[in-house]
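# An overview of the molecular structure
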Amino acid sequence: MAAKGSKTVYFCQECGNESPKWLGQCPVCGAWNSFVEEVVEKTSSRAQREKRDVRPTHLSEIISSDEKRISSGMPELDRVLGGGIVQGSMVLVGGDPGIGKSTLLLQVCRNLCSRKVDVLYVSGEESLQQIKIRADRMGTFDDQLSLLCETNLDIIRSVVDRSRPRVLVIDSIQTMYSETVGSAPGSVSQVRESTAVLMQIAKGMNITVFIVGHVTKEGLVAGPRVLEHMVDTVLYFEGDRHAAYRVLRGVKNRFGSTDEIGVFEMCQNGLQEVANPSAFMLNGKPRGASGSVVACSIEGTRPILVEIQALVCHSNFNMPRRTAAGCDYNRVNLLMAVIEKRAGLRLAESDAYINIAGGIRMNEPAVDLGIVLAIISSYKEMPVPDDLICFGEVGLSGEVRAVNLAEQRIAEAAKLGFSRIIMPKVNLSGIRGKYSQLDLVGVENVQEAMRAIL
Ligand code: TYD
Ligand code: MG
């Protein structure tokens, strides 16, 4: 039974939706069995406090100062942030446990410290000794880095008040608690309240706050999605925990574009930036193998070449097996139907496994042509020439449609030594003359593309 002055409500652990009753399925995000009971304080006292004499401001009275940005010392991170760390902003760094969030932020702290920017790293997960061990792995640190092992936000607030750092790192939001809320750390109401307190710190004292949030599968603690709407910038750190590379992806950014990605490699001594992701992704590509095609996708403002692998073989089941790793499963099924209908390949009785090598996710339609050619190459057991790349969106009639930024894709391919490019014919106009050393093959539909490679 909830005490007087407080009430019991139910929260969805996936999206933070609030309900007075328990529900089997969340009506907002559709998750099943995600509601948990929590006791929250009635907020009447807070509401009364805020009834001060408030007056709106005219737009013309506001002095616009250029948002101040500081470099994190890592160009890959700066790009995802939209050109550096914005003073007074709140940045959520989400990701699976063990992916490297603490490592990334400790490295940012080290870089900022070496440039005499005051930072405070608050850890609720590791002891000072453990942080020291991690720091020793990463190399030399400036003496100025302040560390704090604390989970009580009221104490953290008073420390921040005294020391006034310019950047505050909270690792992780699921371990923090505020005494005003009765529920346990990691619960939806606690995570929300903690974020609200951090928001006051960020906006009130003009301190940049980085918040680490673990993505959780089982829903024992509230996921970072609960606070996505409260922060300025949301970055997700993704990648296969067993592979070395990590991709930092912008999901929301009030101060920049969201499609940017930053590529890192987890090494013995921390995260290294990968300045040339295409070369990194194509590392280990087999030569002369069927079913392997290089495609070009634009991630944010940057073209990235990836190897698309397809394995098509006869199915022993009535219902052929299909999998897609790194691309959309339904898209692959659609493209296979297009190949069957428009290029006349009998794929209905074939199993098909599609994989984007390196484990990176590519959702841009421009990789369609790569998927199509990889499937055709595997089905016919004919290798695609090693010096060939392709890009283009494939429509339901089998037509190869135009994509944006074709020139950038061509330039990236040329930089990495590719000389034949299969691309949408409409994109050719105005380009052909500029790249006389390359063999640019414009195609209008899937059949033409098939003829060009075989
Ligand atoms: P960590 O930053 O602790 O992950 P998170 O905070 O997201 O939970 O990363 C831990 C993993 O990174 C761990 O498996 C060990 C690995 N690692 C390295 O490979 N090299 C390093 O220099 C460091 C510090 C960690
Ligand atoms: Mg950590």
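Computed from a predicted structure; not experimentally measured.

Its place among the elements puts L112 in helix α3 (residues 101–114). For L112, a count of 25 C-beta atoms within 10 Å translates into the label buried. L112 sits 168 residues away from F280 along the chain, and the two C-alpha atoms are 28 Å apart. Discounting chain neighbours no more than four positions away, the residues touching L112 are G73, V117, V119 and V167.

What follows covers the sheet that holds strand β6 (residues 90–95). Within the open sheet, the nine strands sit side by side as β8-β7-β9-β10-β6-β11-β12-β13-β14. Their pairing is mixed. Only two strands of the sheet have a single neighbouring strand rather than two, namely β8 (146–149) and β14 (270–273). Pairwise comparison of adjacent strand axes, ignoring direction, gives a mean angle of 25° for this sheet. Where strand β11 (residues 233–238) and strand β12 (residues 245–253) come together, six bridges link them in antiparallel fashion. Bridge pairing in β12 places F237 opposite L248. Against the sheet, helix α4 (residues 128–138) engages β7 (119–123), β8 and β14, with an angle of about 145° to β8.

Let's shift gears to helix α11 (residues 446–453). V446, A449, M450 and I453 are the residues of α11 that are buried. Down the axis of α11, the buried side of the element spans an arc of 100°, and every buried residue falls inside it.

Among the 15 residues in the neighbourhood of ligand 1, the closest are listed as K101, S102, T103, R137 and G270. Sorting the residues of the shell around ligand 1 by element identifies α3 and α4 as the ones contributing at least two each. Here the shell around ligand 1 is built from residues that sort into four nonpolar, eight polar and three charged.

By domain assignment, the protein separates into domain 1 (6–43), domain 2 (67–275) and domain 3 (280–453). Using C-alpha coordinates to define each centre, domain 1 is positioned 27 Å away from domain 2. Contributing elements (two or more residues each) for the side of domain 1 that touches domain 2: β1 (6–12) and β3 (35–41). A total of four residues in the side of domain 1 that touches domain 2 trace back to one element, the largest contributor, which is β3. Across the side of domain 1 that touches domain 2, the residue classes tally to four nonpolar, four polar and three charged.

Here we come to the nonpolar core. Of all hydrophobic cores here, the largest spans 115 residues; its most connected members are I170, I211, A295, V372 and I375. The dominant element in this core, judged by the number of residues it contributes, is helix α9 (residues 368–380), at eight residues. Filtering out sequence-adjacent residues up to four positions away, I211 remains in contact with M90, V91, L92, V93, I170, I173, L198 and V231.

Moving on: unusual backbone geometry. The omega torsion of the bond from D171 to S172 falls at -5°, within 30 degrees of zero and hence cis. Within the secondary structure, S172 is located in the loop between β9 (167–171) and α6 (188–205). Positive phi, close to 55°, is recorded for N33, a residue that is not glycine. Position of N33 relative to the elements: it lies in the loop between β2 (18–19) and β3. Of note in the backbone geometry, L405 takes a positive phi value of approximately 50° without being a glycine. Following the sequence through the fold, L405 ends up in the loop between β21 (400–401) and α10 (406–415).

The rules behind each value
- Residues numbered from 1 in each chain as written.
- Chains lettered and ligands numbered in written order.
- Predicted model: local features only at pLDDT ≥ 70, side-chain atom pairs only at ≥ 80, totals over all residues.
- Helix = DSSP H or I, 4+ residues; strand = E, 2+ residues; numbered from the N terminus.
- Buried ≥ 20, exposed ≤ 12 C-beta atoms within 10 Å, placed from the backbone.
- Contact = placed C-beta atoms within 7 Å.
- Pairing = 2+ DSSP bridges.
- Axes fitted to C-alpha atoms, helices over the stretch in contact; angles between N-to-C directions.
- Arc of directions from axis to C-beta.
- Near = placed C-beta within 6 Å.
- Nonpolar A, V, L, I, M, F, W, Y, C, P; charged D, E, K, R; others polar.
- Domains from an automatic or database assignment.
- Core = buried A, V, L, I, M, F, W, Y, C linked by C-beta atoms within 7 Å.

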